[in-house]
Amino acid sequence: MRVLQAKNAIALFITLVFVMVITVALGFGLKQINLTSNMLKDENFMYQSSMVLEDILHILQNSPDVARVGDANSSTELFVLLSQASFIPIEVAGLDVVLKLSSARAKLNPNSLNTKGVEALREFMGAKGVNNQYVDILLDGMGGIKADASYNSRIFEQSPYLFRDYITSKEHFKSFNSFYAQEFNDNAVESLAFEELFYFGGDANTTIDLNFATALTWELLLSTTPQRAESLAQNAGSYENKESLGLDTTELEKLDRFTTSFFEPILFVELEISQEQQKAYINFEYDIKKKKGSNFVYEI
């Protein structure tokens, strides 16, 4: 018990230091911008937002607390970091900044689906009352250009310039949802919390970190009930191998339809930046071991 209390105290101390470093670094950089910039208001805000992103990247790359996660090669260290520093609000130099850190491998990348995974997704959608052809529409969005136009749906007749090599982002994904709702006069997909199930990126060789999988992801993985999925998600950070999951033989067979792991030191970093009526949303992945950001998405 004393060891656990000590560990929690250390984690809290690390979090406080982490927040202080971020605040000081951002404050210094942004004050310099405010003093020297003569750009128009909108341009200035965009420049400030890019500077915030640059500073956050620099902090992640140089933080000993973040580096410790990669060096320890342990899901426990990653769990401590994410549980203590998942949401950091900062008010500095006239900007309101919210930094959110989570696992970038807590959800399914639909672009990574194999044949068995596609069938599992059909089961999941069917259980949620979604027409089976919804999955066919998503497959059109990941199948590339077909010379014979042998697509599963008419989506590219309606949107001929829609990218179709892989699903790139939330906005791109919404195009397929909108087509489904219109084509089948069915709003069932609107009630699904896809932000808790899917994340998007061009790399199809991604895994699901079972130590951070969301409840909805577990529901898909095992074709199980929301209650069972929630109980598995609540044990985040404690899994070491398949035996530690406490799954029965049938559940293990279902889990094998997907590529999973127990430690993926890759962060999903979200930045919400606002100043008066101006807002910016930036997200990206940060590989702790490689000290490298990727898959940057800007909404300004």
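Before going into details, it helps to say that this report is about the structure given with it.

What counts, and at which threshold
Residues numbered from 1 in each chain as written. Predicted model: local features only at pLDDT ≥ 70, side-chain atom pairs only at ≥ 80, totals over all residues. Heavy atoms only, no water. Helix = DSSP H or I, 4+ residues; strand = E, 2+ residues; numbered from the N terminus. Buried < 20%, exposed > 50% of the residue type's maximum accessible area, 1.4 Å probe, protein only. Contact = heavy atoms within 4.5 Å. Areas by Shrake-Rupley, 256 points an atom, 1.4 Å probe, with all protein chains shown as cover. Salt bridge = Lys/Arg side-chain N within 4 Å of Asp/Glu carboxyl O. Pairing = 2+ DSSP bridges. Axes fitted to C-alpha atoms, helices over the stretch in contact; angles between N-to-C directions. Patch = residues over 30% accessible without salt bridge, like charges linked within 9 Å, V, L, I, M, F, W, Y side chains within 5 Å. Phe/Tyr/Trp six-rings, centres within 6.5 Å; stacked < 30°, edge-to-face > 60°. Lys NZ or Arg CZ within 6 Å of the ring centre and 35° of its normal.

Helix and strand content of the protein chain: eleven helices and seven strands. A burial count over the protein chain gives 48% of its 300 residues as buried. Within the protein chain, residue pairs in contact and separated by at least 24 positions form 62% of the contacts whose partners lie at least 6 positions apart. On the protein chain, roughly 15,600 Å² of surface is accessible, and the fraction owed to carbon and sulfur atoms is 52%.

Tallied over the full model, the rule gives twelve salt bridges. One salt bridge connects Asp-65 with Arg-68, and the closest N-O pair in it is separated by 3.1 Å. Separated by three residues within a single helix, Asp-65 and Arg-68 lie in helix α3 (residues 64-72), roughly one turn from each other. Accessibility expressed as a relative area gives 12% for Asp-65, which makes it buried. Between Glu-157 and Arg-154 there is a salt bridge; the shortest N-O distance is 3.7 Å. Overall, Arg-154 belongs to the partly exposed group, its relative accessible area being 43%. Among the ionic contacts, a cluster of salt bridges with common partners joins Glu-119, Arg-122 and Asp-136.

A separate point is the sheet that holds strand β2 (residues 95-103). Taken in spatial order, the five strands make up an open sheet running β1-β2-β5-β6-β7, and their pairing is antiparallel. This sheet does not close on itself; its edge strands, each paired only once, are β1 (87-92) and β7 (292-299). Within the sheet, the average angular offset between the axes of one strand and its neighbour, ignoring direction, is 15°. Sheet analysis places strand β5 (residues 266-275) next to strand β6 (residues 278-287), joined by ten bridges and oriented antiparallel. If you follow Ile-273 over to β6, its bridge partner there is Ala-280.

Our next topic: a nonpolar patch on the surface. Nonpolar side chains collect at one region of the surface, where Met-46, Phe-296, Tyr-298 and Ile-300 lie side by side and expose about 410 Å² of accessible area between them. Along the chain, Met-46 turns up in helix α2 (residues 41-62).

With that settled, consider the packing of aromatic side chains. By the definition in use, this model includes 13 aromatic pairs. Between the aromatic rings of Tyr-151 and Phe-156, the centroid separation amounts to 4.8 Å while the plane-to-plane angle is 65°, which identifies the pairing as edge-to-face. For Tyr-151, a relative accessible area of 18% gives the class buried. Counting every residue linked through ring pairs, the aromatic cluster contains Tyr-134, Phe-173, Tyr-180, Phe-184, Phe-194, Phe-198 and Phe-200. Positioned over the ring face of Phe-156 is Arg-164, at 3.8 Å from the centre of the ring.

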